[in-house]
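Here is how the chains run, residue by residue.
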Amino acid sequence: QVPLIESGGGLAQAGGSLRLSCAASGRTFSTYFMGWFRQAPGKEREFVAGIDRLGGSIYYADSVKGRFTISRDYVKNTVSLQMNSLKVEDTAVYYCAADQKGRVTTSSEYWGQGTQVTVSS
């Protein structure tokens, strides 16, 4: 019902930048809270950034504040995560999530397939 497809992952050096994109269903895009999570090997999936239906409320994990920026494009029906000043600890699989009820959580219903981000020193 709400397919999510991530792209933009890859390899970056510490201090560098990557931009992730999540393509979502256009018909009901504006009815969903969107966000990003990440999961490193052996770790639990953790919240990275979220954005509400209209983009008026944005929230970040403390670990990425000042470095990452989430945004949504209602023309392209995409949610992006601009990642600057990357650190090796940002290495993880990044997942896009959507939730029609409220802020995205690990229990949100819709998820993308994940895209690998690897940061080298």
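Anything mentioned here points back to the structure above.
Worth saying up front: this structure is predicted, and the values here are computed from it rather than measured.

Along its length, the protein carries 0 helices and 11 strands. Over its C-alpha atoms the protein spans a radius of gyration of 13 Å, differing by no more than 12% from the 14 Å that the globule rule assigns to 121 residues. A buried classification covers 45% of the 121 residues belonging to the protein. Of all intrachain contacts in the protein linking residues separated by at least 6 positions in sequence, the fraction that spans at least 24 positions is 56%. On the protein, roughly 6,300 Å² of surface is accessible, and the fraction owed to carbon and sulfur atoms is 48%. Considering the protein, the positive charge centre built from 13 side chains and the negative charge centre built from 10 side chains are found 3 Å apart.

A few words now on the nonpolar core. If you look at the biggest cluster of nonpolar residues, it comprises 29 residues, and the most contacted ones within it are Leu 4, Met 34, Trp 36, Leu 81, Met 83 and Tyr 94. Contributions of two or more residues to this core are made by strand S3 (18–23), strand S4 (33–39), strand S5 (46–51), strand S7 (68–73), strand S8 (78–83), strand S9 (92–99) and strand S11 (115–120). In terms of residue count, S9 provides more of this core than any other element does, 4 residues in total.

Enumeration over the complete set of coordinates arrives at 5 aromatic pairs. Each ring, one from Phe 37 and one from Phe 47, has its centre 5.6 Å from the other, and the planes form 75°; the classification is edge-to-face. Placement of Phe 37 in strand S4 and of Phe 47 in strand S5 is noted, with a sequence separation of 10 residues between them. In this structure, Arg 72 packs its charged tip against the face of Phe 29, placed 4.4 Å from the ring centre. The lysine or arginine in question, Arg 103, covers the ring of Tyr 59, its NZ or CZ lying 4.8 Å from the ring centre.

Cut-off values and rules
- Residues numbered from 1 in each chain as written.
- Predicted model: local features only at pLDDT ≥ 70, side-chain atom pairs only at ≥ 80, totals over all residues.
- Heavy atoms only, no water.
- Helix = DSSP H or I, 4+ residues; strand = E, 2+ residues; numbered from the N terminus.
- Rg over C-alpha atoms; globule rule 2.2 N^0.38 Å.
- Buried < 20%, exposed > 50% of the residue type's maximum accessible area, 1.4 Å probe, protein only.
- Contact = heavy atoms within 4.5 Å.
- Areas by Shrake-Rupley, 256 points an atom, 1.4 Å probe, with all protein chains shown as cover.
- Lys, Arg positive; Asp, Glu negative; His and termini not counted.
- Charge placed at Lys NZ, Arg CZ, Asp CG, Glu CD.
- Core = buried A, V, L, I, M, F, W, Y, C linked by side-chain atoms within 4.5 Å.
- Phe/Tyr/Trp six-rings, centres within 6.5 Å; stacked < 30°, edge-to-face > 60°.
- Lys NZ or Arg CZ within 6 Å of the ring centre and 35° of its normal.

Structural measurements only, silent on function.
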